[in-house]
Structure formats: structure tokens, C-alpha cells
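Reading the structure
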Amino acid sequence: MTFYAHRGNLEGPQPKFENDPDYVQSAIDAGVGVEVDLRVISGKLFLGHDYPAHMVSPEWLEERADQLLVHAKNLPAAVYLVGTTLHWFTHSQDAYSLTSSGKLWVHHLEAFRTENSSHYIIPLITRNLIDLSDKFGEASICSDYFQNA
């Protein structure tokens, strides 16, 4: 099972720090992957959920390619990501979407199926559900809660 710290969070949402490169690195150093939000604006790369908050280099992303799951927040970000080795996805209001490595990012647990669970990434698992993570089989989990990372 793979764990992704949502925007770098390990102990609950921390909007002030989310997507900050140092915060993301702290989660990676704790032993989990990290889901980050990427925008490309005027050819520059930015992390940030609601707006471009932290400029990063292509090298910064590529050096962490094995630990990141990148959410393309705008079309230029998706276009940029197509030519990289990064694991990425995009969605807006979709119940599920397909990531660049063929995983299903499933927003509604009703769509989750235990067969072939290794094909799934279940996002925003709550603190209560983290303790029940064995019910998700081999699915990857994205959450704000990994106190024991």
C-alpha cells in the first residue's frame, strides 16, 4: 500500500504550510509520498491549491518524481506534465479520474471495488478511516492524517 500525504499534511490540514516545498520535503522525509498541486503560469512552475504560492524548478519536481503525485491544476500544467516522468492526474468535479500511471483516483468511495484494489488511489481519507485502511486492500491512500508515518 502506498500512502500520499495530501499537500504534505501528516497531522491534519495545515493550509498555511500546504504545498510549501519544505513542508512537502518533511513529509517525504517521514516516509510517505506527497500529493501536490501544480500550476504553470507564464512558463513557470508553482505549487499551491487555490493560487500559485510556491515557485519550484523542473529539477525540484523531477528529483522527487518517485515520491510525488502531482495534481495538474490548470491546462498548462497538464501539458507540461505529459513530457515528464512524474505521476500525475487532473480532474475538476469527476467521481474518478485516471492518473498518468494508470491508477484510478476515486473521489467517491461508492465507486471503489476491492477486486484489483492496487489500481486505486483513495483520496482524502479521514482520520477515522485511516485506522481502517486494511479494508482498502492494496489501494493507495491520500490523506491529511499520517501521524505514524
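So, here's what we can say about the structure. (Residues numbered from 1 in each chain as written. Predicted model: local features only at pLDDT ≥ 70, side-chain atom pairs only at ≥ 80, totals over all residues. Heavy atoms only, no water.)

So, on to the overall build of the protein chain. Broken down by element type, the protein chain carries four helices and 10 strands. Along the chain direction, N to C, the helices and strands of the protein chain fall in the order β-α-β-β-β-α-β-α-β-β-β-β-α-β. Classification of the 149 residues of the protein chain by burial places 47% in the buried group. Taking contacts inside the protein chain between residues at least 6 apart in sequence as the whole, the part at least 24 apart equals 42%. Surface accessibility of the protein chain: about 7,900 Å² in total, with carbon and sulfur atoms responsible for 50%. (Helix = DSSP H or I, 4+ residues; strand = E, 2+ residues; numbered from the N terminus. Buried < 20%, exposed > 50% of the residue type's maximum accessible area, 1.4 Å probe, protein only. Contact = heavy atoms within 4.5 Å. Areas by Shrake-Rupley, 256 points an atom, 1.4 Å probe, with all protein chains shown as cover.)

The full count for this structure, using the stated rule, is three aromatic pairs. Relative to F146, the ring of F3 has its centre 5.2 Å away and its plane inclined at 70°; by these criteria the two rings are edge-to-face. One end of the pair, F3, is in strand β1 (residues 3-6); the other, F146, is in the segment after β10 (140-143), and 143 residues separate them in sequence. The exposure class assigned to F3 is partly exposed, which follows from its relative accessible area of 27%. Since its relative accessible area comes to 7%, F146 is described here as buried. (Phe/Tyr/Trp six-rings, centres within 6.5 Å; stacked < 30°, edge-to-face > 60°.)

Another point: helix α3 (residues 75-82). The complete set of buried residues in α3 reads A77, A78 and L81. Along the axis of α3, the buried residues cluster in a sector spanning 100°; they form a single face. Exposed residues on α3 whose side chains face more than 90 degrees from its buried face are L75, V79 and V82. As for α3, its buried residues are in contact with β2 (33-41), β5 (68-72) and β6 (87-89). In this structure N74 caps α3, since a side-chain oxygen of it lies 3.0 Å from the backbone nitrogen of A77. (Arc of directions from axis to C-beta. Polar contact = N/O pair within 3.5 Å; in protein donor to acceptor, adjacent residues only side chain to side chain.)

Our focus in this paragraph is the nonpolar core. In terms of nonpolar packing, the biggest core is built from 26 residues, with V34, L38, L61, L68 and V70 touching the most fellow members. When contributions to this core are tallied by element, the ones reaching two or more residues are α1 (21-29), β2, β3 (44-47), α2 (58-63), β5 and α3. Ranked by the residues each element gives to this core, the list is headed by β2, at four residues. When near neighbours in sequence (up to four residues on either side) are disregarded, L68 contacts V24, I28, V34, V36, W60, L61 and H87. (Core = buried A, V, L, I, M, F, W, Y, C linked by side-chain atoms within 4.5 Å.)

The quantities given are spatial measurements derived from coordinates; they are silent on function.
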